[in-house]
Amino acid sequence: MQTRLEAPATEPLSFEDTGVTVSGVARRFAAADRARGPVLALNDVSLSAHRGEVLGVLGPSGCGKSTLLELVAGLQEPDAGRVAVCGRASGAERLAACAYMPQRDLLLPWRDAIGNAALALECAGVRPRQARRRARPLFERFGLADFERSMPGELSGGMRQRVAFLRTLLAGRPALLLDEPFASLDSLTRAAMQEWLAGALATEPRTVLFVTHDVEEALFLADRVAVMSPRPGRVVAEIPVPLQRPRPRRETVTDPTFIELKEQALRALEC
Ligand SMILES: Nc1ncnc2c1ncn2[C@@H]1O[C@H](COP(=O)(O)OP(=O)(O)OP(=O)(O)O)[C@@H](O)[C@H]1O
Ligand SMILES: [Mg+2]
């Protein structure tokens, strides 16, 4: 009888296929004063987001979520373990592969909305006029067409977050790192912004690491959710979300699968 060699069920990921890989990472900070010891923020953290995947990172305050994003973005280096983006492991290469939206929107108050969004292109050497020209279609596409010339102080919190997100998108990097982008918004604006972001990621697919405290937000937006323990943060559960994106809110939040996943995530957070 002829013996057939079975092909492996899945091909091993090549570096090019890999979005973000974090493997066995630890990060320790020196104490602010001598009386206290160093702070171990992250310990043995491993997670990955495949190309085009939205990975939600959920965890309690202080568990090291922002530190994790800064490590991925190449703004910090791990004390142990390895971080790679698109297979590139050096800090400079990670910096070049990631667009990072920090916890605060950090719009420049002296630039109008489109000038703020175009900043990422200008930093990459595009002339200001050309950068604004390239930003304009995104303002139209994502519901900000009438606010291009508004100054940040004239925009609502949700609009500021959208401008900051467009700036992140315009950086044109393969990986987007979003640190609690809606934390400062009221619940109605937050829900509207979640839908806006889900739509934006459907038209502009990217590999995304999305940090939040909010279980529903993570499950509504992500393909998979990594749940972190309290400090020192490590990944205690990974929860795939088998629902197609973008998700209609009302049907999604009442879907039995969604409700079960929410309970699973809450249980993992309690560990
Ligand atoms: N530069 C630093 N120097 C010293 N300690 C730091 C530094 N950055 C972060 N830490 C500490 O590391 C831990 C993790 O901080 P981090 O900001 O990453 O948490 P987080 O999960 O993002 O918190 P939050 O949900 O409140 O934003 C905290 O205890 C914090 O005080
Ligand atoms: Mg944080």
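Look up a bit, the structure's there.
This section reports on the structure supplied with the text. (Residues numbered from 1 in each chain as written. Chains lettered and ligands numbered in written order. Predicted model: local features only at pLDDT ≥ 70, side-chain atom pairs only at ≥ 80, totals over all residues.)

**A short note on the nonpolar core**
Alright, step 1. Core analysis: the biggest nonpolar cluster contains 75 residues, and L55, V72, L177, L209, F210 and V225 have the highest contact counts within it.
Alright, step 2. At 7 residues, the largest contribution of residues to this core is made by helix 6 (residues 157–170).
Alright, step 3. Discounting residues that sit within four places of it in the chain, L209 has contacts with V20, A49, L55, V57, L69, V72 and L177. (Core = buried A, V, L, I, M, F, W, Y, C linked by C-beta atoms within 7 Å. Buried ≥ 20, exposed ≤ 12 C-beta atoms within 10 Å, placed from the backbone. Helix = DSSP H or I, 4+ residues; strand = E, 2+ residues; numbered from the N terminus. Contact = placed C-beta atoms within 7 Å.)

**Here's the deal with the site of ligand 1**
Alright, step 1. Near ligand 1 you find F29, V39, A41, G59, S61, G62, C63, G64, K65, S66, T67 and R231, and these make up its full shell.
Alright, step 2. Mapped onto the shell around ligand 1, the elements with two or more residues apiece are strand 2 (39–50) and helix 1 (65–72).
Alright, step 3. Broken down by element, the shell around ligand 1 gets its largest block of residues, 3 residues, from helix 1.
Alright, step 4. For the shell around ligand 1, the class distribution of residues is 4 nonpolar, 6 polar and 2 charged. (Near = placed C-beta within 6 Å. Nonpolar A, V, L, I, M, F, W, Y, C, P; charged D, E, K, R; others polar.)

**Focus on the pairing of strand 8 (residues 224–228)**
Alright, step 1. Within strand 8, 4 of the 5 residues are buried, which leaves the element mostly enclosed by the surrounding structure.
Alright, step 2. Alignment of strand 3 (residues 54–58) against strand 8, held across 4 bridges, turns out to be parallel. Bridge pairing links L58 to V227 in strand 8.
Alright, step 3. Sheet analysis places strand 8 next to strand 9 (residues 235–240), joined by 5 bridges and oriented antiparallel. Residue pairing for strand 9: M228 is matched across the bridge by V235.
Alright, step 4. With antiparallel pairing between neighbouring strands as the criterion, strand 8 and strand 9 make up a hairpin whose turn holds 6 residues. (Pairing = 2+ DSSP bridges.)

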